[in-house]
Amino acid sequence: QPPLPLLLTQKLRETVPNCVLSSNPCRIRFLSQEIVIFRHDLQSPMLRLARLPAVTDETPDLFHHLAMTVLQQGCLCPLPITVQPVYWAYDHALRLYSSPHTLILADSTLQASFPFADADCNCFNPGSFGMKGTFGGYRPAGRIVELCSI
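Reading the values: rules and limits
- Residues numbered from 1 in each chain as written.
- Predicted model: local features only at pLDDT ≥ 70, side-chain atom pairs only at ≥ 80, totals over all residues.
- Heavy atoms only, no water.
- Phe/Tyr/Trp six-rings, centres within 6.5 Å; stacked < 30°, edge-to-face > 60°.
- Buried < 20%, exposed > 50% of the residue type's maximum accessible area, 1.4 Å probe, protein only.
- Core = buried A, V, L, I, M, F, W, Y, C linked by side-chain atoms within 4.5 Å.
- Helix = DSSP H or I, 4+ residues; strand = E, 2+ residues; numbered from the N terminus.
- 1 Å grid on protein atoms, 1.4 Å probe; cavity = no way out; pocket = protein on both sides within 12 Å on 5 of 7 lines; lining within 4 Å.
- Points joined across faces, edges and corners; volume = space filled by probe spheres on them.
- Nonpolar A, V, L, I, M, F, W, Y, C, P; charged D, E, K, R; others polar.
- Expected span 1.5 Å × (residues − 1).
- Salt bridge = Lys/Arg side-chain N within 4 Å of Asp/Glu carboxyl O.
- pLDDT = per-residue confidence, 0-100.
- Disulfide = S-S within 2.5 Å.
- Pairing = 2+ DSSP bridges.

1. A word on the packing of aromatic side chains
Tallied over the entire structure, the rule returns two aromatic pairs. Each ring, one from Tyr87 and one from Tyr90, has its centre 5.4 Å from the other, and the planes form 25°; the classification is stacked. Tyr87 gets classed as partly exposed once you look at its relative accessible area, which sits at 46%.

2. Focus on the nonpolar core
Within the largest apolar cluster, 19 residues are counted, with the highest numbers of intra-cluster contacts made by Leu42, Val70, Leu76, Leu96, Leu103, Leu105 and Cys123. Those elements that provide at least two residues to this core are strand S2 (33-39), helix H3 (62-73), strand S3 (102-106) and strand S5 (121-125). Broken down by element, this core gets its largest block of residues, five residues, from H3.

3. Some points on empty space enclosed by the protein
Enumeration over the complete set of coordinates arrives at one cavity of 30 Å³ or more. In this structure, the largest cavity occupies an estimated 30 Å³ of space. The wall of the largest cavity is formed by Phe38, His40, Leu42, Leu66, Leu105, Ala106 and Asp107. Within the lining of the largest cavity, the residues separate by chemical class into five nonpolar, one polar and one charged.

4. Quick notes on H3
Helix length check: H3, at twelve residues, gives a terminal C-alpha distance of 16 Å against a target of 16 Å (1.5 Å per residue), a fit within 8%. For H3, the full list of buried residues reads Phe63, His64, Leu66, Ala67, Met68, Thr69, Val70 and Leu71. In the stretch just after H3, Gly74 is the one whose phi turns positive, near 75°.

5. Digging into the pattern of salt bridges
According to the stated counting rule, one finds four salt bridges in the structure shown. Where Arg95 meets Asp91, a salt bridge forms, and the shortest distance between an N and an O atom there is 3.0 Å. By relative accessible area, which is 46% here, Arg95 ends up partly exposed. Between Arg143 and Asp120 there is a salt bridge, and its shortest N-O distance comes to 3.7 Å. Remark: Asp120 occurs in the loop between strand S4 (112-116) and S5 and Arg143 occurs in the loop between strand S6 (134-139) and strand S7 (144-149); sequence separation between them is 23 residues. With a relative accessible area of 25%, Arg143 lands in the partly exposed category. Taking relative accessible area as the criterion, Asp120 reaches 48% and is therefore assigned partly exposed.

6. Some thoughts on the confidence of the model for the protein
Averaged over the protein, the pLDDT score is 81; the fraction of residues at 70 or greater is 86%. Summarising per-element confidence for the protein, the mean pLDDT is lowest in S4 (68) and highest in S2 (90).

7. Here we look at the state of the cysteines
Each disulfide consists of one covalent bond between the sulfur atoms belonging to two cysteines. Scanning the model with the defined rule gives zero disulfides in all. Note on Cys75: no disulfide assigned, nearest cysteine sulfur contributed by Cys77 at a separation of 6.3 Å.

8. Re the pairing of S3
Most of S3 sits inside the fold, with five of its five residues counted as buried. Judged by which residues are buried, S3 turns out to be covered on both faces: Thr102, Ile104 and Ala106 on one side and Leu103 and Leu105 on the other are all buried. Of the pairings in the sheet, the one linking S2 to S3 comprises five bridges and is parallel in character. Bridge pairing links Ile37 to Ile104 in S3.

9. A closer look at the environment of Ile150
Take Ile150: it is sitting in the segment after S7. Between the alpha carbons of Ile150 and Phe135 there is a distance of 8.6 Å; along the sequence they are 15 residues apart.

Given below as structure tokens:
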């Protein structure tokens, strides 16, 4: 999607001078690591469109299945165009080539984390802070994911 108009964010930028309004998805470079943050509810439409059961012996939970699908497809939104239209001017931002070191898929489901060994990628969902006061934190220096609660 195109960025928010400056007129809408002007008051916030005046109040918080060092505010950075990043895009979605957001790509952060920390030394030699690439960190990708994607805020979108992917799990619900993926489950709705699944032809086979999502939970198997290879993928013990739904988030694991979602993250494996996203990384193996090399696209942050591997949904058909009829379900999730694509703004073609920004389609390149959805590609994951090569796999990032950390992939944060933030949606409204419960927090989860797992290392994706094939692609040397940490994947996690920080969870919804409003649900039980839980959240996920990431320390890029040690590539450590912490699932926390208040």
